[in-house]
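Tertiary structure, described
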Amino acid sequence: MKSSIKNRETSLFMWNRRIQIALNEQKAKDRYRQRQRCVTQDCTHSIRVDHQVYMNFSSNDYLGLAHHPKMIEAAELGAKRFGVGSGGSPHVTGYSEPLAMLEEKLANWLGYDAAIVYPSGFTANQAAIKLLIARNDVMIADRLSHASLLEAAMFSPGRLYRFKHNDIASLESYLEKGAELSEESGQLVITEGIFSMDGDHAPLDQIAKVTQKAEALLMVDDAHGIGICGEQGRGSCDHYGIKPDILVVTFGKAFGCSGAALLLSKEFAQYFVQFSKPLIYSTAIPPMQAAILLQAMEIIQSQEGDIRRQTLARNIAYFRAEMTKVLTTLSQKPQMNNMDESLSNISYQLPYLLESHSPIQPLVIGEDQAALDISANLRTKGIWVSAIRPPTVPPKTARLRMTITADHTVEMIDALVTALESAILENMDQVL
Ligand SMILES: *Cc1c(COP(=O)(O)O)cnc(C)c1O
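The following refers to the structure shown. Quick caveat: nothing in here was measured; it's all calculated off a predicted structure.

Glancing now at the overall build of the chain. The helix and strand inventory of the chain stands at 14 helices and 15 strands. In summary, the chain has a C-alpha radius of gyration of 23 Å against a globular reference of 22 Å for 432 residues, a match within 12%. The principal-axis extent of the C-alpha atoms belonging to the chain is close to 65 × 65 × 55 Å. Per-residue burial for the chain yields a buried fraction of 51% across its 432 residues. In the chain, the proportion of contacts linking residues at least 24 apart, taken out of those at least 6 apart, comes to 69%. Counting only carbon and sulfur atoms, one obtains 52% of the accessible surface of the chain, whose full area is about 21,300 Å². Side chains of the chain carry 42 positive and 48 negative charges; the gap between the two charge centres is 8 Å.

Before going further, it helps to examine the sheet that holds strand β7 (residues 187-192). Judged by pairing direction, the sheet is mixed, and its seven strands sit side by side in the order β4-β10-β9-β8-β7-β5-β6 without closing on themselves. In this open sheet, the two edge strands, each paired with only one partner strand, are β4 (114-118) and β6 (159-163). Across the sheet, the mean angle from the axis of one strand to that of its neighbour is 20°, orientation sign disregarded. Pairing of strand β9 (residues 246-250) with strand β10 (residues 260-264) involves four bridges; the strand directions are antiparallel. Bridge pairing in β10 places V249 opposite A261. Sheet strands touched by helix α3 (residues 97-110): β4, β9 and β10. Its angle to β4, the strand with the most contacts, is close to 130°.

Among the residues of helix α5 (residues 147-155), those classed as buried are S148, L149, L150, A152 and A153. Next to the buried residues of α5 lie α4 (121-132), β5 (138-142), β6, β7 and β8 (217-221).

Going through the model one piece at a time under the given rule, you end up with five aromatic pairs. With centroids separated by 4.7 Å and ring planes inclined at 50°, the aromatic side chains of F251 and F255 adopt a geometry described as tilted. Taking relative accessible area as the criterion, F255 reaches 0% and is therefore assigned buried. Seen from their ring centres, Y271 and F272 are 6.5 Å apart, and the 90° between their planes marks the pair as edge-to-face.

The next point concerns the packing of helix α6 (residues 168-178) against helix α7 (residues 204-213). Direction vectors running N to C along α6 and α7 enclose 15°, while the axes themselves pass 10 Å from each other. On the basis of their axis angle, the class for α6 and α7 is roughly parallel. Our pair here, α6 against α7, has a crossing hand that is right-handed. Across from I168, L171, E172 and L175 in α6, the residues of α7 making contact are Q206, I207, V210, T211 and K213. Classifying every residue of the contact of α6 with α7 gives five nonpolar, two polar and two charged.

Glancing now at the site of the ligand. The environment of the ligand is made up of 14 residues, and the closest members are G121, F122, D221, H224 and K253. Residue F122 places a main-chain N or O atom 2.9 Å away from an oxygen atom belonging to the ligand. Contact between the ligand and K253: an oxygen atom at 2.8 Å from a side-chain N or O atom of the residue. For the ligand, whose unbound accessible area comes to 380 Å², protein coverage reaches 83%. Of the residues forming the shell around the ligand, the biggest block, three residues, is contributed by α4. Class assignment of the residues belonging to the shell around the ligand gives a composition of two nonpolar, nine polar and three charged.

What counts and how
Every chain is numbered independently, its residues counted from 1 as its sequence is written. Two thresholds apply to this predicted model, a pLDDT of at least 70 for residue-level local features and 80 or more for giving and counting side-chain atom pairs, whereas whole-chain, interface and lining totals are computed over all residues. The basis for every side-chain value is the complete set of heavy atoms in the structure, and neither hydrogens nor water enter the calculation. Helix and strand definitions here come from DSSP, where helices need a minimum of 4 consecutive H or I residues and strands a minimum of 2 consecutive E residues; each element is numbered from the N-terminal end. Based on C-alpha atoms, the radius of gyration is set beside the globule rule, defined as 2.2 Å times the residue count to the power 0.38. When a residue's accessible area, from a 1.4 Å probe over protein chains only, is under 20% of the maximum for its type it is buried; when over 50% it is exposed; and in between it is partly exposed. Contacts: residue pairs with any heavy atoms within 4.5 Å of one another. The method behind every accessible area is Shrake-Rupley, applied with a 1.4 Å probe, and residues are considered shielded solely by the protein chains displayed. His is not counted, nor are the chain ends, whereas Lys and Arg count as positive and Asp and Glu as negative. Every charge is mapped onto a representative atom, which is NZ of Lys, CZ of Arg, CG of Asp or CD of Glu. Two strands pair under a simple rule: DSSP has to find at least two bridges between them. Axis definition: a line fitted to C-alpha atoms, limited for helices to the stretch in contact. Angles are taken between N-to-C directions and run from 0 to 180 degrees. Within 6.5 Å between ring centres, the rings of Phe, Tyr and Trp (the latter by its six-membered ring) count as paired, and their orientation is classed by plane angle as stacked under 30 degrees, edge-to-face over 60, tilted in between. Oblique is the label for any angle not covered by the other classes, which are roughly parallel (under 35 degrees), roughly antiparallel (over 145) and roughly perpendicular (65 to 115). Left-handed describes a crossing whose near helix is turned anticlockwise from the far helix through less than a right angle; right-handed describes the clockwise counterpart. Residue polarity is assigned by list, with Asp, Glu, Lys and Arg as charged and Ala, Val, Leu, Ile, Met, Phe, Trp, Tyr, Cys and Pro as nonpolar; anything else, Gly included, falls into the polar class. Whether a residue is near a molecule or strand depends on its heavy atoms: it is near if one of them lies within 4 Å of it. Between N or O atoms, a polar contact is any pair within 3.5 Å; within protein, one atom must be a potential hydrogen donor and the other a potential acceptor, and residues adjacent in sequence are included only when both atoms are from side chains.

Rendered as structure tokens:
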């Protein structure tokens, strides 16, 4: 008895020490993450954080649907008709009429036999990899794939290779390695439509071609492409004219809500319905949410969807043109040259805009602290842009990750660019 009490104390001590070490390391690396309490106000472009209102350039609500009157109406009607909870897993009583209809309409719209809805994109990605990959299988994933994909791949019993970002030769070299595998082993190529931290597209046509040639399966996570590109907003795969074996779409971005779906063939879908534990042992999304998502899909497919996508494309092009002008001007300032030779222990480089034509517009700053400083400076100017640091992005590429939405006006983008210019100047000056 006595010794078991002691053991428990020792063991608690061990856990606490382990946790303290991890937290201290995180702080020492300037990577300590903090959640901010915030609320969007009547629209996506305005956000209140700690009693202060900011212009929001960090939202994934690309089409501005989260506050759309029709979406809110769908939520109200849905709640009145179906209540607010699904009451169970889809295998018990959670497979509501609106949810079944959502799956059917998604499958039709995207040209698949079936869609299976999961509560989140993170879960959908994990579920797919977990169920498909067995011991001798190989996954070949783009290096910059989302954490939900890479984490699932690392924990799966199969082997994971990470090919160079968007590099077809690198992908092919891994596919060739896989060709030496036994007949019972499968290969799964994993990539994204639009990458979440760089905003660039994957060359899906070429990826599909080499994947098919190697007789491997293709899985594409189109979290940032669905609703944004392709005919009627069908996403990156439609844009590139391909149909991956597993398509993942999520509803937390252009759909303005949350949730996700896997688009599959009939056989695959049957397999998932029988064996996917995150589906079977998890509460189905509320019917009210399915009603909201049906409404989102309707808007995305409609002429209004086209207009919102056009506004979004115009806003993105405008931001890039204006920001490029500013960066060109900055690069001509003498104090902006040889930034790395500064005497400060923080080395600054001239920020640069990544080659992205999606709503995700990253401005790479370099050092973590510099990105944090510029982000804080923007806040004093009433603009909310989050700094993204390693390990989310590679070391020395800390960045400001702006997201441009259809909800922004030209005036707001002008305000962002002006604020960015002075924030960069004010922070670069510090070290000179
Ligand atoms: C946001 C995102 C996810 C996660 O989706 P959630 O529905 O937010 O869990 C998965 N993959 C990519 C590429 C994403 O950007």
